[in-house]
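Each chain, letter by letter, is given below.
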Amino acid sequence: MSSGAIERKKQRKPLSAKQKQGIVMFIIISPLLFTVFLFSYYPLHGWLYALYDYRPPHQLFNTPFVGLQWFQILFSNAGRREQIFGVLTNTFAMSGLGILFSWLPMAFAILLSEINCRPYKRMVQTLTTLPNFISWVLVYSMAFFMFNSTGIVNNILIQLGILSKPFLFLQQENNVWITMWLWNTWKGLGWSAIIYIAALSGLDQELYEAAYVDGAGRFQVIFHIIIPGLLPTYFVLLLLNIANFLNNGFEQYFLFGNPFNMERIQVLDLFVYNLGLGQGSYSLATAISIMKSIVSITLLFTVNFMSKFMRGESII
């Protein structure tokens, strides 16, 4: 070994305890980072399909290269523009209902915290959280069993003389936005309230004691201590919901959709599925997905800037 190498080895400082801890933590999270890369970033190479006129079963690079043709079709074709406008209307309506009533989990958490009977409180929390773990397939099976033309609800209403013939609950298109929001709220209300319940446990107990000493009642404690304490959590979740505005999900609308309500229930994710796998327009469906991703990222950075400007805190 040369004298220069020996000198550099002597000058090399040993790793500090903090650096060793950082290396250990990186090794621990490396499987998670690999999983994120594998499922979130590696599939992005599929965006190349938007630049070709892909027709299976041919290989991608054996199909004609069309550049930005599919993106131009989205805006130049009047029929396609009208179709996408209808889909976006459904998406905005259902996402808008979710944001408009995004305070419900917080209100539910506050009401749950006011229950003094601990066994009853646990029972309510458990029963309202369980639907989150039920798949949409089972939810639709339950809805079909209850609300189809020969279901329980129609049979009861006919036997009571309220209806003379079955009412087609699942085929109605006029109230499908409200119906989907109600099912989504029933399924996710208890689960969404968990984060607010955790935030409630972190509030300073001395504030409660001081309020009760000053003669404050339950509603005064709620409006002057609990709600202000939960608002930071609520605003962060609200901003994330706004950034996720175009992502309604797929399973719920795919299962509840039928030829009678498809015009009102088809959101962007379902439209991309029907366009790609249903009609075989893989390249056009990919182009729409890319536009959706760009808009979602733009919304995320916009709401992050708004949060930093208005609250002095960023969410990313």
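Predicted, not measured: the structure shown is a model, and the values here were computed from it.

Undergrad: How should helix H14 (residues 268-278) be read in this particular structure?
TA: Since there are 3.6 residues in each turn of an α-helix, residues three or four apart along the chain are aligned in direction. Burial in H14 covers these residues: Leu 268, Asp 269, Leu 270, Phe 271, Val 272, Leu 275 and Gly 276. Among the residues trailing H14, Gly 280 stands out with phi positive, at a value near 80 degrees.

Undergrad: Looking at this structure, how should I read the packing of aromatic side chains?
TA: To describe a pair of aromatic rings, you give the distance between the ring centres and the angle between the ring planes. By the definition in use, this model includes 20 aromatic pairs. Ring centres of Tyr 140 and Phe 144 lie 6.2 Å apart, and the angle between their planes is 35 degrees; this geometry places the pair in the tilted category. In this pair, Tyr 140 and Phe 144 are both assigned in helix H7 (residues 136-147), four residues apart and thus about one turn of the helix distant. A residue is classified by how much of its surface remains accessible, and Tyr 140, at 23% relative accessible area, is partly exposed. A ring pair is formed by Tyr 140 and Phe 256, whose centres lie 5.1 Å apart and whose planes are at 85 degrees; its orientation type is edge-to-face. Residue Tyr 140 is found in helix H7, and its partner Phe 256 is found in helix H12 (residues 251-256); the two are separated by 116 residues along the sequence. Grouping aromatic residues by their ring pairs yields a cluster made of Trp 136, Tyr 140, Phe 144, Phe 147, Phe 167, Phe 169, Trp 183, Trp 186 and Phe 256. In this arrangement the basic side chain of Lys 187 is found over the ring face of Trp 136, its NZ or CZ atom lying 5.2 Å from the centre. When the ring centre of Trp 177 is taken as origin, the NZ or CZ atom of Arg 264, which lies over that ring, is 5.5 Å away.

Undergrad: What should I look at first to understand the pattern of salt bridges in this one?
TA: Opposite charge on two side chains makes pairing possible when the charged atoms of those side chains draw close. Applying the stated criterion to the full structure yields three salt bridges. Its salt-bridge partner being Glu 114, residue Arg 218 comes within 3.4 Å of it at the nearest N-O pair. Highlighted residues: Arg 218 in helix H11 (residues 218-243) and Glu 114 in the loop between helix H5 (104-113) and helix H6 (118-129), separated in sequence by 104 residues. Using a relative accessible area of 21% as the deciding quantity, one classes Glu 114 as partly exposed. Of the charged contacts in the structure, one is a salt bridge between Lys 292 and Asp 269, with a shortest N-O distance of 2.2 Å. A residue pair is termed long-range when its members are at least 10 positions apart, and Lys 292 in helix H15 (residues 282-311) and Asp 269 in helix H14 qualify at 23 residues. You'll find Lys 292 and Asp 269 in the same group, each marked buried.

Procedures and definitions
- Residues numbered from 1 in each chain as written.
- Predicted model: local features only at pLDDT ≥ 70, side-chain atom pairs only at ≥ 80, totals over all residues.
- Heavy atoms only, no water.
- Buried < 20%, exposed > 50% of the residue type's maximum accessible area, 1.4 Å probe, protein only.
- Helix = DSSP H or I, 4+ residues; strand = E, 2+ residues; numbered from the N terminus.
- Phe/Tyr/Trp six-rings, centres within 6.5 Å; stacked < 30°, edge-to-face > 60°.
- Lys NZ or Arg CZ within 6 Å of the ring centre and 35° of its normal.
- Salt bridge = Lys/Arg side-chain N within 4 Å of Asp/Glu carboxyl O.

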